[in-house]
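This is what each chain is made of:
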Amino acid sequence: MLASNLSLARSIQDRLTHTRNSPKNRTFTIRIGAHCNPVAPPRPPAPVVLGLGSLMETFAVEVQRAESRALDVPLVAPFTIATSRLEGVGNVAVRVELRNGCAGWGEAPVLPSVTAEDQGTALEKAREACEALKRSPAMGLGRALGEIAAILPGHEFASVRAGVEMALIDAVANSIGTPLWKLFGGASNTLTTDITIPIVSPAEAADLALKYRKQGFQTLKLKVGKDLKADIEVLRAIRAVHPTCSFILDANEGYKSSEAILVLDKLHEMGVTPILFEQPVHRDDWAGLGHVSRIAIGKYGISVAADESCRSLDDVKTIVKGNLANVINIKLAKLGVLGALDIIEFARPHDLDLMIGGMVETRLAMGFAGHLAAGFGCFKFIDLDTPLLLAEDPVFGGYEVSGANYRFSNARGHGGFLHWDNIL
């Protein structure tokens, strides 16, 4: 079965055509045996669809090597949000190599205030999953991912599950010679991201805003939620040096609902209307989230995003049922890859806008998330900036960066990789 899949993959390069059956379902279609005739035949053969859903059923994987290692990278400067402070990145890298010699790479981002795992736990569970993959016989991609989900269930191990899923899917994409953005639908191969200003003094925030303005960033995501008065002063300082920027406010659960509404009132007095207010209240304060959302959208036309409050499909269903938020922030590290795909599918018919975000990760995880967002083309807000905040870039290849703009090439998979010797 594996040989036939590879044979098919090698034959598709000159037959691959873009097919967009609907805005909700963009796929790449390979028409086997069709003729280049301007007059369509009366009964054309059914197309074979090259997409992740199809590969789940048709592509057999047999893992010959799988391993994980700590991925430690310093930050340019400490990164402070309402719930934590980071001095550097302590993530876990995953590499999976199939019997055909094709390898894939993934990353489990670790942010203990948001992810359930610390780095030690993530390393232990990643090794467990890798050992299980090596012991397993050849099986369909869907079954392999199902076994990973059984070993790494729920939110408790979502970040590790995401890293292993990334590596396995990347290895399959490498096997068939397809970039991930095409595998996820092929809507686009470019993105424009915001960039984050952490909790700092007004003077430091102004310096960063001016720097990012010169680099071409038009959307600034401002971390707030620790000190209401200081947050307002930082907003004033940023507006003075970057008067045309768009704001996203991210409180990371830091406010009470009354404080969140007061921030919006103060901004209105300043003539500032954020394009998004992310996670204004504690993740379990459903009533507060709904209250802030109703005031924000009804009084000021500002959308509210659920981030920490959205850790599963069940959470999204709760949000929809209660009309508690307008936007869902999808992060692979809190949902896993397949969990994220489930939420995308559910959100589309329920009038929810989507945001793609991340924890603090390198271009491995950000590249995978970027390919997914570009391929689907359904994300209104793009927040994939954290590799720009790192002091070093350990990733070779991968997407191209020009200021706020990312471009994904036709390289196989997500195109990025590590040199293991460099991260020992």
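Cut-offs and rules
- Residues numbered from 1 in each chain as written.
- Predicted model: local features only at pLDDT ≥ 70, side-chain atom pairs only at ≥ 80, totals over all residues.
- Heavy atoms only, no water.
- Core = buried A, V, L, I, M, F, W, Y, C linked by side-chain atoms within 4.5 Å.
- Buried < 20%, exposed > 50% of the residue type's maximum accessible area, 1.4 Å probe, protein only.
- Helix = DSSP H or I, 4+ residues; strand = E, 2+ residues; numbered from the N terminus.
- Contact = heavy atoms within 4.5 Å.
- Pairing = 2+ DSSP bridges.
- Axes fitted to C-alpha atoms, helices over the stretch in contact; angles between N-to-C directions.
- Phe/Tyr/Trp six-rings, centres within 6.5 Å; stacked < 30°, edge-to-face > 60°.
- Lys NZ or Arg CZ within 6 Å of the ring centre and 35° of its normal.

**Examining the nonpolar core**
The biggest cluster of nonpolar side chains holds 129 residues, and the ones touching the most others in it are I238, F277, I328, I330 and F379. If one sorts the elements of this core by residue count, helix 5 (residues 158–175) sits on top with 10 residues. Among residues more than four places away in sequence, those in contact with I330 are L335, A340, I343, I344, L354, M355, I356, G357 and F379. In this structure, I248, A305, V327 and F381 belong to the second largest nonpolar core, which totals six residues.

**Let's talk about unusual backbone geometry**
The backbone phi angle of N252 is positive, close to 45°, even though this residue is not glycine. Even without glycine at this site, D351 takes up a positive phi of about 60°. Within the fold, D351 resides in the loop between helix 13 (337–347) and strand 16 (353–357).

**A closer look at the environment of R311**
Tracing the sequence through the fold places R311 in the loop between strand 14 (303–306) and helix 11 (313–322). Judged by relative accessible area, which is 27%, R311 ranks as partly exposed. Taking the C-alpha atoms as reference points, R311 and G154, separated by 157 residues in sequence, lie 9.0 Å from one another. Ignoring any residue separated from it by four or fewer positions in sequence, one finds R311 in contact with H155, R283, D284, K334 and L335.

**Observations regarding the side chain of N326**
Position of N326 among the secondary structure elements: in the loop between helix 11 and strand 15 (327–331). The class for N326 is buried, based on a relative accessible area of 18%. Apart from residues lying up to four places away in sequence, N326 is in contact with I297, I302, S303, V304, L352 and D353.

**Describing the sheet that holds strand 6 (residues 85–98)**
Pairing is antiparallel across the open sheet formed by three strands, whose spatial order is 5-6-7. Each of the sheet's edge strands pairs with one partner strand only, and the pair in question is strand 5 (63–80) and strand 7 (103–108). Put simply, the sheet's adjacent strands are angled 20° from each other on average, direction ignored. In this structure, strand 6 lies alongside strand 7, joined through six bridges in antiparallel fashion. Within strand 7, the position partnered with V94 by the bridge is G106.

**Focus on the sheet that holds strand 16**
Overall, parallel pairing links the eight strands, which are arranged 10-11-12-13-14-15-16-17 in an open sheet. Each edge of the open sheet carries a strand with a single partner, namely strand 10 (195–197) and strand 17 (381–382). Note that strand 15 and strand 16 share five bridges and pair parallel. Pairing of V327 across the sheet is with D353, part of strand 16.

**Quick word on the packing of aromatic side chains**
All told, the structure shown has seven aromatic pairs when counted by the stated rule. For the ring pair Y255 and F277, a centre distance of 6.3 Å and an interplane angle of 70° mean the geometry is edge-to-face. Here the residue Y255 occupies a position in the loop between strand 12 (246–250) and helix 9 (257–270), and F277 occupies one in strand 13 (residues 276–278), the gap between them amounting to 22 residues. Note on accessibility: Y255 and F277 belong to one class, buried. With centroids separated by 5.6 Å and ring planes inclined at 20°, the aromatic side chains of F396 and F417 adopt a geometry described as stacked. Taken together, the positions of F396 in strand 18 (residues 396–397) and F417 in strand 21 (residues 416–417) put the pair 21 residues apart, joining distant regions of the chain. Taking the relative accessible area as the measure of exposure, F417 reaches 31% and is therefore partly exposed. Here a set of aromatic residues connected by ring pairs shows up, and it is made of F184, F368 and F376. Between K125 and the ring centre of F157, over which it is positioned, the NZ or CZ distance is 4.7 Å.

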